[in-house]
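The chain contents come next:
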Number of protein chains: 2
Amino acid sequence: MLGKVMKVSESTGDTRSRIQAVALELFTEEGYEKTSLREIAERLGVTKAALYYHFKSKDEIVNSFVEDRIGLMDELIEWGEAQPPTVESRRTLVVRYAEQFFGTNRHTVMRFFEQNQTALKSLSAGKEMRARMIRVADLLARPETSHEAQVRAALALFAVHSSWFAIRDPSVTDEDRRQISLKLAYELLDKIGETAQAA
Amino acid sequence: MLGKVMKVSESTGDTRSRIQAVALELFTEEGYEKTSLREIAERLGVTKAALYYHFKSKDEIVNSFVEDRIGLMDELIEWGEAQPPTVESRRTLVVRYAEQFFGTNRHTVMRFFEQNQTALKSLSAGKEMRARMIRVADLLARPETSHEAQVRAALALFAVHSSWFAIRDPSVTDEDRRQISLKLAYELLDKIGETAQAA
DNA sequence: GTCTATATGTAGATAGAC
DNA sequence: GTCTATCTACATATAGAC
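Conventions adopted
Note that residues are indexed from 1 along each chain, following the sequence as it is written. To label them, take the chains in the order written and letter them from A, then take the ligands in the order written and number them from 1. pLDDT decides what is reported in this predicted model: residues at 70 or higher carry local features, side-chain atom pairs at 80 or more are listed and counted, and totals for whole chains, interfaces and linings draw on all residues regardless. Only hydrogens and water are removed before side-chain values are computed, so all heavy atoms of the structure are retained for them. What fixes the domain bounds is an automatic or database domain assignment. We call two residues in contact when some of their heavy atoms are within 4.5 Å. Buried area, as used here, totals the accessible surface that two parts lose on assembly, with accessibility defined by a 1.4 Å probe and the loss added over both. Any Lys or Arg side-chain nitrogen found within 4 Å of a carboxyl oxygen on Asp or Glu counts as a salt bridge. Distance and chemistry together define a polar contact, namely a pair of N or O atoms within 3.5 Å, with one atom able to donate a hydrogen and the other to accept it when in protein, and with adjacent residues in sequence counting only for side-chain atoms on both sides. Charged means Asp, Glu, Lys or Arg here, nonpolar means Ala, Val, Leu, Ile, Met, Phe, Trp, Tyr, Cys or Pro, and polar covers whatever is left, Gly included. Put simply, buried Ala, Val, Leu, Ile, Met, Phe, Trp, Tyr and Cys residues joined by side-chain atoms within 4.5 Å make one nonpolar core. Residue burial is assigned from relative accessible area. The probe radius is 1.4 Å, only protein chains are included, and a residue is buried under 20% of its type maximum, exposed over 50%, and partly exposed in between. Numbered from the N terminus, helices here are DSSP runs of H or I no shorter than four residues, and strands are runs of E no shorter than two.

### Topic: the domain arrangement of chain A
All names here are of chain A.
Here is step 1 of the chain: Along its sequence, chain A is carved into domain 1 (13-56) and domain 2 (65-193).
Here is step 2 of the chain: The gap between the C-alpha centroids of domain 1 and domain 2 is 28 Å.
Here is step 3 of the chain: The partner domain 2 presents nine residues to the eight residues of domain 1 that form the contact.
Here is step 4 of the chain: A combined buried area of about 770 Å² lies between domain 1 and domain 2, and 68% of that area is made up of carbon and sulfur atoms.
Here is step 5 of the chain: When the buried area of domain 1 at its contact with domain 2 is split by residue, Leu24, Thr28 and Tyr32 rank highest and sum to 65% of it.
Here is step 6 of the chain: Scanning the region where domain 1 abuts domain 2 turns up one salt bridge.
Here is step 7 of the chain: For Arg111, the salt bridge identified is with Glu29, shortest N-O distance 3.6 Å.
Here is step 8 of the chain: Between domain 1 and domain 2 we count two residue pairs in polar contact (both at pLDDT 80 or more) in total.
Here is step 9 of the chain: Of the residues that constitute the side of domain 1 that touches domain 2, the class distribution is three nonpolar, three polar and two charged.

Okay, structure coming up:
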């Protein structure tokens, strides 16, 4: 999935993908700033120079695996904007968000974002993603503009994320985590727009 | 407050405190790893060597302002452990947590933790704080051991934190943020232990 | 208590051979 | 496509003068 968009003309998509995978893991586990290109190269059994053949800089590696996540978020936002601000569509929006989070190659990329919030402030990919998270939260809060609704929306999204680490038992399946997070997200979201609904 | 524990014999507590304040701000805004001692020194109008007179290393600066937060958390945990696992004591626990968060010199230290989770993994102060956060969450989940209760507890704590950044309007007062976060924390926590209560 | 000067390491990144 | 070798910059940290 990581090298999916790549043209076939670039023959050895293998090394490129392996760089992305290792970088994503290390960036998530020990942080973007602390992870050196030397470390990534060593883990792969190549030299730093090889990395620079595939990516022109360190933050380009980040961009490469963040790109398609941004694309998915854009689809989600576009869909959400076309929906009426009802309990139903709020629920569906968070369900779709959770699908992205738990789907495809697991939650690796989202965990990377979570763990590198600060470092990502100075990376373009980080700013792009940040803006989209805020947009999704705003869509969830609609039609309310109250501060409480804003926090409810943020908590609903965080429910999806936190089910990953707050449940420390590693034997719990992704599906179980997903269900718990959605139950709590519903609980939080369903109280949004009650005044508007009643009116 | 930052240099409170300091002995009076150390005459110029001023510079030491100013280093802590500037470091805390920069570590929070742009990240621990990315912030250099040169940057901190320049901002204060001194040289790096001066910093090393007051602190023997970079992570010692972190320890210095984290220490008393750890102490407060320990008091909180000790108090919590002595309470019965009821709706009432759960509420009071999160109220006290919020007091720590919003109290004293604002939420600066807690924001620093939030923004540097990954970097703090390799710092002793980080590991210490992390363990205490988990302990508080466990106390909130009692007497339940269900996964859902664990997520409820984590979300309740995050409600306190998120009220700081999820409400983007800067004119909202700390008191308003505190009230909103507690309302939502109650909502989440009050459903813990319902089976045990009923039994 | 703060300075100048410097030691020492490692980071990201490039040139050019193979 | 990957290598060796190297550049440049900046990091943390220390020694010793004032």
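### Thoughts on the nonpolar core
One broad rule of soluble globular proteins: the nonpolar side chains tend to lie buried together.
Here is step 1 of the chain: Counting residues in each nonpolar core, the largest one holds 52 residues, and the members touching the most others are Phe27(A), Ile40(A), Val62(A), Val66(A), Phe112(A) and Phe113(A).
Here is step 2 of the chain: Top contributing element to this core by residue count: helix α4 (residues 58-81) of chain A, with eight residues.
Here is step 3 of the chain: Of the domains in this structure, domain 1 (13-56) and domain 2 (65-193) of chain A are the two that each give at least three residues to this core.
Here is step 4 of the chain: Setting aside anything within four residues of it in sequence, one finds Phe112(A) in contact with Leu24(A), Phe27(A), Thr28(A), Val62(A), Phe65(A), Val66(A) and Leu120(A).
Here is step 5 of the chain: With 51 residues, the next largest nonpolar core counts Phe55(B), Ile77(B), Phe112(B) and Ala185(B) among its residues.

### Some remarks on the interface of chain B and chain A
Here is step 1 of the chain: Every contact between the two is made by 36 residues of chain B and, on the other side, 36 residues of chain A.
Here is step 2 of the chain: When the two sides are added together, the surface that chain B and chain A hide from each other amounts to roughly 3,300 Å², 58% of it contributed by carbon and sulfur.
Here is step 3 of the chain: Applying the counting rule to chain B against chain A returns 10 salt bridges.
Here is step 4 of the chain: Lys121(B) is paired through a salt bridge with Glu29(A); the nearest N and O atoms lie 3.9 Å apart.
Here is step 5 of the chain: Taken together, the connections running from chain B to chain A amount to 12 residue pairs in polar contact (both at pLDDT 80 or more).
Here is step 6 of the chain: Taken together, the elements giving at least two residues each to the side of chain B that touches chain A come down to α1 (13-30), α7 (117-120), α8 (124-141), α9 (147-165) and α10 (174-189) of chain B.
Here is step 7 of the chain: Here the side of chain B that touches chain A takes 11 residues from α9(B), the largest share from any one element.

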